[in-house]
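The primary structure of each chain is shown beneath.
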Amino acid sequence: MHKTYQHSSASASDHTLNTILNIIVEGVWDWNSNTKIVTRSPSWYHMLGYEFAVFRKDVFTWENIIHPEDYPRVMHQFERYISGKINAYNVEYRCKKSDDSYLWIADRGAIIARNADGSVDRMIGAHHNIHQQVMAQTDLIEKNKLLQNSHLSLEKVIAQKTDELAKKNQQLERKIIEVESVSNIDSLTEIANRKLFETILNKEIIRAERYHHPLTLVMFDLDKFKDINDQYGHKVGDNILCIISKLVAQNIRDVDLFARWGGDEFVIIFPELSQKQAHQTSDKLREMISQYQIKDKISVTCSFGIAQYNSGDSIDSLFKRVDKQLYISKAQGRNQVYSEVI
């Protein structure tokens, strides 16, 4: 490797590096797998239109802004590189900007250190803006098609097709939003439903395996909820489910997923939280729920079961373990949190 800079001290070297990162056009990133921290240069945020350091310093920030159509291809390339199956990481895809539009970027990276077991210790790279080049290529392809398939003037065809495409895209976006909203949200509590939960859990399991992050699943239900329905009626019961859902949703992190499993059963995915950390969080939720006055002296309690994902777990095996802990919590008197003994 050619040595461009040689400094007399570490502080001088840091000053040079930080100055370069502040003025460089490309967005530079630095991933430390062991600390799970991803450092991004100011230009990375500027390129995508975000305020500097507005995101959490983790890999989820990057994954969540990749265009859904490009995501499988990018992850395939990334995993092949970090596992040593290919010698270079270089892929082009779209990233979501602050205004919800997408920008084409070229992503290049290199592993600069590995752990003793061969896994990645540190990897650095850069995102380069190639949007204009991609748009120019796309526009040229479209113009060639129009010339081949139409006797109309080029300008007229372009204007007509552009207008039609814009209208169809608007209609499609509205339909996608409507369908996703209906199919992924529980109609009563307005939190994620079972379908969305299973999709996200599968994605988080893949992430946990890829980055060696902890992942913990929590299940809880309302104690003696049938008695509440019998005494006060199902309308009051439904209102209680909505209140508890809102209360929990407001007291967990943005990266956590809270969903209604069915009836009075709920589930929470805690990415990057160990079983011990999830237990502490769940106990705070349990206490908060038990102290909350619903209305007319009505209060409820909940029982929690917790299990951490182990490498090789299936969704079914993970659920069997968390369901067992919930059963123990109910059997031991309810209004409790139980985790597996590690």
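Residues numbered from 1 in each chain as written. Predicted model: local features only at pLDDT ≥ 70, side-chain atom pairs only at ≥ 80, totals over all residues. Heavy atoms only, no water.

**Student:** Tell me about the environment of Ala-249, and please be specific about residues and values.
**Tutor:** In this fold, Ala-249 is placed in helix α9 (residues 234-249). Counting along the chain gives ten residues from Ala-249 to Ala-259, while the straight-line C-alpha distance between them is 9.3 Å. (Helix = DSSP H or I, 4+ residues; strand = E, 2+ residues; numbered from the N terminus.)

**Student:** For the packing of helix α8 (residues 225-232) against α9, give the residues involved together with the corresponding values.
**Tutor:** Packing of α8 against α9 brings their axes to within 7 Å, and their N-to-C directions diverge by 135°. Relative to α9, the element α8 lies oblique. Every residue of α9 that contacts α8 at Phe-225, Ile-228, Asn-229 and Tyr-232 is listed here: His-234, Val-236, Gly-237, Ile-240 and Leu-241. Its residues assigned to classes, the contact of α8 with α9 comprises six nonpolar, three polar and no charged. (Axes fitted to C-alpha atoms, helices over the stretch in contact; angles between N-to-C directions. Parallel < 35°, antiparallel > 145°, perpendicular 65-115°, else oblique. Contact = heavy atoms within 4.5 Å. Nonpolar A, V, L, I, M, F, W, Y, C, P; charged D, E, K, R; others polar.)

**Student:** Describe in detail the pairing of strand β5 (residues 120-129), supporting the description with residues and values.
**Tutor:** Moving residue by residue along a regular strand, the side chains alternate between the two faces of the sheet. As paired strands, strand β1 (residues 27-32) and β5 are joined by six bridges and run antiparallel to one another. Among the inter-strand pairings, Trp-29 is bridged to a residue of β5, identified as Gly-125. Pairing analysis gives nine bridges linking strand β4 (residues 102-114) to β5, with the strands arranged antiparallel. When the bridges of β5 are listed, Ile-111 appears paired with Met-123. Connecting β4 to the next strand, β5, in antiparallel fashion are five residues, including Gly-118 with a positive phi near 95°. (Pairing = 2+ DSSP bridges.)

**Student:** Kindly report on the sheet that holds β5, identifying the contributing residues and their values.
**Tutor:** Across the sheet, which stays open at both edges, the five strands sit in the order β2-β1-β5-β4-β3 with antiparallel pairing between neighbours. Of all the strands in the sheet, the pair left with one neighbour each is β2 (37-40) and β3 (89-96). This sheet shows a mean twist of 25° between the axes of neighbouring strands, independent of strand direction. As paired strands, β1 and β2 are joined by four bridges and run antiparallel to one another. Looking across to β2, one finds that Asp-30 is bridged to Thr-39. Sheet strands in contact with helix α4 (residues 71-82) are β1, β3, β4 and β5, and its direction is about 145° off that of β3.

**Student:** Provide a residue-level description of the nonpolar core, including the pertinent values.
**Tutor:** Grouped together as the largest cluster of nonpolar side chains are 29 residues, with contacts concentrated most on Trp-31, Trp-62, Val-74, Phe-78, Tyr-89, Tyr-93 and Met-123. Taken together, the elements giving at least two residues each to this core come down to β1, α2 (42-48), α3 (59-65), α4, β3, β4 and β5. The biggest single contributor to this core is α4, with six residues. Residue contacts for Val-74: discarding those within four places in its chain leaves Trp-62, Ile-66, Tyr-89, Val-91 and Tyr-93. Counting residues in hydrophobic clusters, the runner-up holds 28 residues, among them Phe-270, Leu-273, Ile-298 and Val-300. (Core = buried A, V, L, I, M, F, W, Y, C linked by side-chain atoms within 4.5 Å. Buried < 20%, exposed > 50% of the residue type's maximum accessible area, 1.4 Å probe, protein only.)

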